[in-house]
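Structural features, examined
Chain by chain, the residues run as shown.
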Amino acid sequence: MQSRKKQLIKSLNLKPHPEGGYFSETYRSNGTIKQKSGEFPDGRNFSTAIYFLLGSEDISMFHRIKSDEVWHHYEGSSLTIHVIHQDGSCQKFRLGKDYENSQQPQHVIPAGAWFGVTVDQSDSFALCGCTVSPGFDFQDFEMADRSSLLEKFPEHEAIINQLTVSS
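A quick note: this is a predicted structure, and the numbers were derived from the prediction, not measured.

Quick look at the state of the cysteines
Working definition: the covalent bond between the sulfur atoms of two cysteines is a disulfide. One pass over the structure, following the stated rule, counts 0 disulfides. The thiol of cysteine 90 is unpaired, and the distance to the nearest cysteine sulfur, on cysteine 130, comes to 19 Å. Free cysteine cysteine 128: the closest other cysteine sulfur is in cysteine 130, separated by 6.5 Å.

Shown next, in the form of structure tokens:
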């Protein structure tokens, strides 16, 4: 498994991502927003896409963005996407190809929700794609602060401690 992971990192030109794992942007639409639209400035791309690879020794730490994000499973282990919604509810979604065991090949994370991701199998990895609309911009990316999340959502202490770093 680790040799396949290294091969994918090299073949797909993946680089370390600030939230954990590896990524490479594969698409940025030519079309852009022509006037300020809600929270998105003039000139924001309509859509973007990346490859995202996460090893079982990695986590995608809790973060949020201002756009909806669609995750697509391509190869490797299934993943669990942990989501804390703005209303405080917490859900887990299994991303993978074992449909009989509640896995789905894609899942949408709503704009503004906190989410982090773990690989389900040890000594493994998962290769996914993430499509964002309106397009991703690091100005919209916010890493979670553990103490702030714990203050706001104390009922989710275990998963917050797992998917954040101490401040």
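Past the structure itself, the notes keep going.
Section: the sheet that holds strand E4 (residues 60-64)
Reading across from one edge, E8-E7-E6-E10-E4-E12 is the order of the 6 strands in this open sheet, with mixed pairing throughout. Looking at which strands have only one partner, the edges of the open sheet turn out to be strand E8 (103-104) and strand E12 (142-143). Here strand E7 (residues 90-95) pairs with E8 via 2 bridges, running parallel. Note that in E8 the partner of leucine 95 across the bridge is glutamine 104.

Some points on the pattern of salt bridges
For the structure shown, the criterion picks out 8 salt bridges. Between lysine 5 and glutamate 57 there is a salt bridge, with the nearest N and O atoms lying 2.2 Å from each other. With a gap of 52 residues between them, lysine 5 in helix H1 (residues 2-11) and glutamate 57 in the loop between strand E3 (48-55) and E4 connect regions that are remote in the sequence. Among the residues examined, lysine 5 registers a relative accessible area of 5% and is labelled buried. Under the relative-accessibility criterion, glutamate 57 is labelled partly exposed at 49%. Residues glutamate 142 and arginine 64 are paired through a salt bridge, measuring 2.9 Å at the closest nitrogen-oxygen approach. Here glutamate 142 is found in strand E12, whereas its partner arginine 64 is found in strand E4, with 78 residues between them in sequence.

Things to note about the packing of aromatic side chains
Between two aromatic rings, the relevant description is the distance of the centres plus the angle of the planes. Across all of its chains, the model carries 6 aromatic pairs by this definition. Relative to phenylalanine 141, the ring of phenylalanine 136 lies with its centre 6.3 Å away and its plane at 75°, an arrangement referred to as edge-to-face. Assigned by exposure class, phenylalanine 136 and phenylalanine 141 land together as buried. Both rings, one in phenylalanine 138 and one in phenylalanine 141, keep their centres 5.7 Å apart while their planes meet at 70°; by these two values the pair is edge-to-face.

Digging into the layout of surface pockets
The volume enclosed by the largest pocket comes to roughly 220 Å³. Considering the residues around the largest pocket, the lining is formed by 18 residues, among which His17, Ile50, Glu69, Val132 and Phe136 are closest to the centre. Only strand E2 (22-28), E3, strand E5 (68-76) and strand E11 (125-133) provide two or more residues apiece to the lining of the largest pocket. No other element matches the 4 residues that E3 contributes to the lining of the largest pocket.

Thoughts on the sheet that holds strand E9 (residues 106-109)
The strand order across the open sheet built from 6 strands is E1-E2-E3-E11-E5-E9, with neighbouring strands paired in antiparallel fashion. The open sheet has two edge strands with one neighbour each: strand E1 (15-16) and E9. Relative to E11, E5 runs antiparallel, the two being bridged by 8 bridges. The partner of histidine 72 across the bridge, within E11, is glycine 129.

Criteria and thresholds
- Residues numbered from 1 in each chain as written.
- Predicted model: local features only at pLDDT ≥ 70, side-chain atom pairs only at ≥ 80, totals over all residues.
- Heavy atoms only, no water.
- Disulfide = S-S within 2.5 Å.
- Pairing = 2+ DSSP bridges.
- Helix = DSSP H or I, 4+ residues; strand = E, 2+ residues; numbered from the N terminus.
- Salt bridge = Lys/Arg side-chain N within 4 Å of Asp/Glu carboxyl O.
- Buried < 20%, exposed > 50% of the residue type's maximum accessible area, 1.4 Å probe, protein only.
- Phe/Tyr/Trp six-rings, centres within 6.5 Å; stacked < 30°, edge-to-face > 60°.
- 1 Å grid on protein atoms, 1.4 Å probe; cavity = no way out; pocket = protein on both sides within 12 Å on 5 of 7 lines; lining within 4 Å.
- Points joined across faces, edges and corners; volume = space filled by probe spheres on them.

So far we have only geometry, and geometry alone does not tell us how the molecule works.
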